[in-house]
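# Examination of the molecular architecture
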2 protein chains.
Amino acid sequence: MLGRINHIALAVPDIATASRAYHETLGAVVSAPQALPEHGVTVVFVELPNSKVELLEPLGDASPIAAFLAKNPDGGMHHICYEVADILAARNHLVATGARVLGNGEPKIGAHGKPVLFLHPKDFFGTLIELEQV
Amino acid sequence: MLGRINHIALAVPDIATASRAYHETLGAVVSAPQALPEHGVTVVFVELPNSKVELLEPLGDASPIAAFLAKNPDGGMHHICYEVADILAARNHLVATGARVLGNGEPKIGAHGKPVLFLHPKDFFGTLIELEQV
């Protein structure tokens with residue numbers, strides 16, 4: 001079921017500082033910051049040869065990463081996104097095995113314009129997993 | 001400087017349970033558990049098409065992930081490993097920019113038999129970064 005690692009998302013308190021560190025200190029190619037108000041984040045893409053890292057800063061009053069940053073003020077590793085070919089088939093298999101899908105269980109359109117689901121971290125050993133249909 | 005994402009390491013309290021979940025629930029190809037006593041972990045490799053996830057369970061009395069699991073008993077995302085072409089050049093650049101290398105600053109031979117370094121998570125927004133020379 002799991003396909004490619006689409007991205008690893010890192011929550012950061014200050015995306016300008018983090019972006020500069022990934023570019024200047026770590027020597028990576030980084031995008032310009034993109035505000036995604038409908039997803040409650042500003043994102044910078046760190047392009048690696050085989051996948052990407054996404055730096056996420058909270059945007060607006062209901063950011064999905066606000067609680068994480070309140071608990072981890074320095075920032076930290078927030079989630080891993082895996083690609084799947086058929087998100088409804090993946091969802092149905094997961095639910096049948098007892099795994100919990102966050103929200104109402106229906107895929108939403110994610111920050112890349114594709115259907116996504118998040119799985120409960122308690123069911124996957126403390127790691128928040130996003131599935132994205134590509 | 002940063003090359004491929006070599007792996008994402010997830011600390012788990014029970015590697016047999018975690019390995020089964022990645023195989024049966026998430027449908028991924030997983031290796032047999034490998035005990036690495038000199039690194040203080042038992043590892044299962046989750047093979048994805050473009051990179052890999054490593055599930056790590058503490059092994060022995062001085063496991064480098066014991067403190068993390070004491071703080072996060074369910075498990076969680078522990079570090080990201082990026083490949084670099086020249087680890088000494090990378091280290092020298094990082095130190096020159098003020099980033100802190102953990103330990104004595106010299107590369108050690110990591111779990112894959114190659115030179116590795118870890119960077120202080122406080123310098124990278126709460127994310128523990130491993131560099132591996134490949």
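In short, a report on the structure. (Residues numbered from 1 in each chain as written. Chains lettered and ligands numbered in written order. Predicted model: local features only at pLDDT ≥ 70, side-chain atom pairs only at ≥ 80, totals over all residues. Heavy atoms only, no water.)

### Brief notes about the overall build of chain A
Helices and strands together make up the secondary structure of chain A, namely 3 helices and 9 strands. Secondary structure elements in chain A, listed N-terminal to C-terminal, are β-α-β-β-β-β-α-β-α-β-β-β. Rg of the C-alpha trace for chain A: 15 Å, near the compact-globule value of 14 Å for 134 residues, within the 12% margin. Principal-axis analysis of the C-alpha atoms places the extent of chain A at approximately 45 × 30 × 25 Å. Split into buried and exposed, the 134 residues of chain A put 50% on the buried side. Considering only residue pairs separated by 6 or more positions, chain A has 53% of its internal contacts joining residues 24 or more positions apart. In chain A, which carries 9 positive and 14 negative side-chain charges, the distance between the mean positions of the two groups comes to 6 Å. (Helix = DSSP H or I, 4+ residues; strand = E, 2+ residues; numbered from the N terminus. Rg over C-alpha atoms; globule rule 2.2 N^0.38 Å. Buried < 20%, exposed > 50% of the residue type's maximum accessible area, 1.4 Å probe, protein only. Contact = heavy atoms within 4.5 Å. Lys, Arg positive; Asp, Glu negative; His and termini not counted. Charge placed at Lys NZ, Arg CZ, Asp CG, Glu CD.)

### Quick notes on the relation of the copies chain B and chain A
Each of the two chain copies can be brought onto the other by rotation about an axis and movement along it. The two copies are related by a screw operation: chain B maps onto chain A through 180 degrees of rotation and 0.0 Å of translation along the axis, at an RMSD of 0.0 Å. Here the two chains are linked by the operation of a two-fold rotation axis. Most of the interface of chain B is mirrored in chain A: 100% of its interface residues are interface residues there too. (Least-squares fit on C-alpha atoms with pLDDT ≥ 70 in both.)

### Looking at the interface of chain B and chain A
Contacts between chain B and chain A engage 43 residues on the former and 43 residues on the latter. Here chain B packs against chain A, burying approximately 3500 Å² in sum over the two surfaces, 69% of which is carbon and sulfur. On the surface where chain B and chain A come into contact, there are 2 salt bridges. A salt bridge links Asp74 of chain A to Lys122 of chain B, with the shortest nitrogen-to-oxygen separation between them at 2.9 Å. There are 15 residue pairs in polar contact (both at pLDDT 80 or more) connecting chain B and chain A. (Buried area = accessible area lost by both parts, 1.4 Å probe. Salt bridge = Lys/Arg side-chain N within 4 Å of Asp/Glu carboxyl O. Polar contact = N/O pair within 3.5 Å; in protein donor to acceptor, adjacent residues only side chain to side chain.)

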